[in-house]
Amino acid sequence: MWDKIYINAVLATMDGNAPYGLIERGALAIEQGKISFIGTMDSLTGAADSLAHEVIDLSGRLITPGLIDCHTHLIFGGDRSGEFEARLLGKSYEEIAKAGGGIISTVRATREASEAELVALALPRLDAFIAEGVTTIEIKSGYGLTVKDEIKMLRAARQLEHERPIRVRKTLLAAHAVPPEFKGNADGYIDLVCNEIMPAAHAEGLVDAVDGFCEGIGFSTQQIERVFETAKTLGLPIKLHAEQLSDLGGARLAAKYGGLSADHLEYLSPQDTQILANAGTVAVLLPGAFYYLRETKLPPIKALRDAGAHMAIATDCNPGTSPMTSVLLAMNMCCTLFQLTPEEALAGTTCHAARALGLDDCGMLKSGFRADLAIWDIHHPASLAYTIGHNSLKVRAFSGSD
């Protein structure tokens, strides 16, 4: 007997050749936190109540995989609403950063906060994601920029997994900005990242992947490559903030190292899209930052699509350039701003988002996968990206932590 079976459901499996991998009049059974059966009701070998201890009739409601946000900066201290006002008055992101604002202002506030305070600040944001059917979330460090403070952030991310029923993937983003104590000495700070921060965080089991910010106001490709070489030595996969404000070739570098993802990509050269596709490096689209910074340079969506690159979608939840906690809104933005289809948007927050985190047990409704599900009070998956400001989630089912 299965533990539970859902019947009379529309299943957006995100697996198979049909649009959305859609199964009408579907049934999905769960046993010990895993999907044990998925198919049409007609393919069941008997009556549902003879096959499972609990039978739930969904009356045609939609089941999708639990949503995945594969790029957030959820943990931080402080507030940057003043920068929002400054940008509206004409200041650029680069000008604000050079004047001591931007990432560095959040660094100061995050350093001042305790681990417990960072957890308490992050929980309301995390609850907003959970309320929209998110079952897996990536959280980056990068606002500590010392051994002690980067580890504090990663410990806080780990604690969130104990505070709420959600799977947290922890990314070390120590190469996020040059801290004030290393002003004018970016290479010296990269020495600290590679020789002290990365080994210490890895030794404590706090790192699932390593990231960096490859930009003129961040780090050069040569400096990021040093970070990637250290990650390779430690056996850690890599990701990269690339081509957000300019084309420095960061995406090519991420692909060279077999990166899980290259993220932002507004200034990605169309010629480099095939390089990402060939490497299996997921292109993560972050429409919140695009919108918030009033960017006009669109990522090369058609070239990515034509190259066969996997495109994921994430909120980039952060205090300075995308204070957004809605994956559903990110899906809609990718359709309206970047001209993705609703099917591409759902794939971007399920199967492709799982790839961007190196996960092979979620993101699809598939036998043997985790039973991380979102059940919606709608009947077609296109409605998820169609609506603005409406959450149709009925039930979120989470299979449990790793």
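No experiment lies behind these values; they were computed from the predicted model shown. (Residues numbered from 1 in each chain as written. Predicted model: local features only at pLDDT ≥ 70, side-chain atom pairs only at ≥ 80, totals over all residues. Heavy atoms only, no water.)

Caption draft 1: Summary view of the overall build of the protein. Along the backbone of the protein there are 15 helices and 15 strands. What you see for the protein is a C-alpha radius of gyration of 21 Å, in line with the 21 Å of a compact globule of 402 residues. Taken over the C-alpha atoms alone, the protein extends approximately 70 × 40 × 40 Å along its principal axes. Here the protein holds 402 residues, and the buried ones make up 60% of them. In the protein, once contacts between residues fewer than 6 apart in sequence are set aside, the share between residues at least 24 apart is 72%. In the form shown here, the protein has an accessible surface area of approximately 15300 Å², with 51% of it arising from carbon and sulfur atoms. Charge centroids of the protein, computed over 35 positive and 49 negative side chains, lie 2 Å from each other. (Helix = DSSP H or I, 4+ residues; strand = E, 2+ residues; numbered from the N terminus. Rg over C-alpha atoms; globule rule 2.2 N^0.38 Å. Buried < 20%, exposed > 50% of the residue type's maximum accessible area, 1.4 Å probe, protein only. Contact = heavy atoms within 4.5 Å. Areas by Shrake-Rupley, 256 points an atom, 1.4 Å probe, with all protein chains shown as cover. Lys, Arg positive; Asp, Glu negative; His and termini not counted. Charge placed at Lys NZ, Arg CZ, Asp CG, Glu CD.)

Caption draft 2: Spotlight on the environment of Leu304. When you line up the elements, Leu304 lands in helix α11 (residues 301-307). A relative accessible area of 0% places Leu304 in the buried class. Sequence separation of Leu304 and Asp272 is 32 residues, and the distance between their C-alpha atoms is 8.9 Å. In this view, Leu304 contacts Leu268, Thr273, Leu276, Ala283, Ala309 and Met311; residues no more than four positions away in its chain are not counted.

Caption draft 3: A look at the UniProt feature "binding site: 4-imidazolone-5-propanoate" (unreviewed entry) in the protein. UniProt's feature table lists "binding site: 4-imidazolone-5-propanoate" (unreviewed entry) at Arg80, Tyr143, His176, Gln244 and Thr321, given in the numbering used throughout. As for the largest cavity, its lining draws on Arg80, Tyr143, His176, Gln244 and Thr321 from among the annotated residues. Not counting the four nearest positions on each side in its chain, Tyr143 is found in contact with His73, Ile75, Phe76, Ile103, Thr106, Val107, Thr110, Glu150, Met153, His176, Asn318 and Pro319. As for its placement among the helices and strands, Thr321 is situated in the loop between β13 (311-313) and α12 (327-338). (UniProt positions renumbered as here; feature names shortened; annotations may be inferred. 1 Å grid on protein atoms, 1.4 Å probe; cavity = no way out; pocket = protein on both sides within 12 Å on 5 of 7 lines; lining within 4 Å.)

Caption draft 4: A look at the side chain of Thr72. Note on placement: Thr72 falls in the loop between β6 (67-69) and α1 (81-88). A polar atom in the side chain of Thr72 sits 3.5 Å from the backbone nitrogen of Leu74. When near neighbours in sequence (up to four residues on either side) are disregarded, Thr72 contacts Phe129, Ile137, Glu138, Ile139, Lys140, Thr315, Asp316 and Cys317. (Polar contact = N/O pair within 3.5 Å; in protein donor to acceptor, adjacent residues only side chain to side chain.)

Caption draft 5: Region of interest: the pattern of salt bridges. Scanning the entire structure with this criterion turns up 20 salt bridges. Between Arg305 and Glu344 there is a salt bridge, with the nearest N and O atoms lying 2.8 Å from each other. You can see Arg305 sitting in helix α11 and its partner Glu344 sitting in helix α13 (residues 342-348), a full 39 residues away along the chain. Each member of the salt-bridge network shares a partner with another, and the members are Glu138, Lys140 and Asp211. (Salt bridge = Lys/Arg side-chain N within 4 Å of Asp/Glu carboxyl O.)

Caption draft 6: View of the packing of aromatic side chains. With the rule as written, the count across this model stands at seven aromatic pairs. Relative to Phe37, the ring of Trp2 has its centre 5.5 Å away and its plane inclined at 25°; by these criteria the two rings are stacked. Here Trp2 is found in strand β1 (residues 2-12), whereas its partner Phe37 is found in strand β3 (residues 34-40), with 35 residues between them in sequence. Here a set of aromatic residues connected by ring pairs shows up, and it is made of Phe182, Tyr189 and Phe219. The ring of Phe76 carries Arg125 above its face, with NZ or CZ at 3.6 Å from the centroid. Taking the ring centre of Tyr267 as reference, the NZ or CZ of Lys297 above it sits at 5.5 Å. (Phe/Tyr/Trp six-rings, centres within 6.5 Å; stacked < 30°, edge-to-face > 60°. Lys NZ or Arg CZ within 6 Å of the ring centre and 35° of its normal.)

Caption draft 7: Layout of the UniProt feature "binding site: Zn(2+)" (unreviewed entry) in the protein. Per the UniProt annotation, the sites labelled "binding site: Zn(2+)" (unreviewed entry) are His71, His73, His241 and Asp316. Taken together, the annotated residues stretch across 246 residues yet fold into one region, lying no more than 12.2 Å apart by C-alpha. Within the annotated group, the residues that form the lining of the largest cavity are His73, His241 and Asp316. Examined against the element boundaries, His73 turns out to sit in the loop between β6 and α1. Note on His73: relative accessible area 2%, which makes it buried. Beyond its immediate chain neighbours, meaning those up to four positions away, His73 contacts Lys140, Tyr143, Leu173, His176, His241, Asp316, Cys317 and Asn318. Separated by 3.4 Å, the side chains of His73 and His241 make a polar contact. Its place among the elements puts Asp316 in the loop between β13 and α12.

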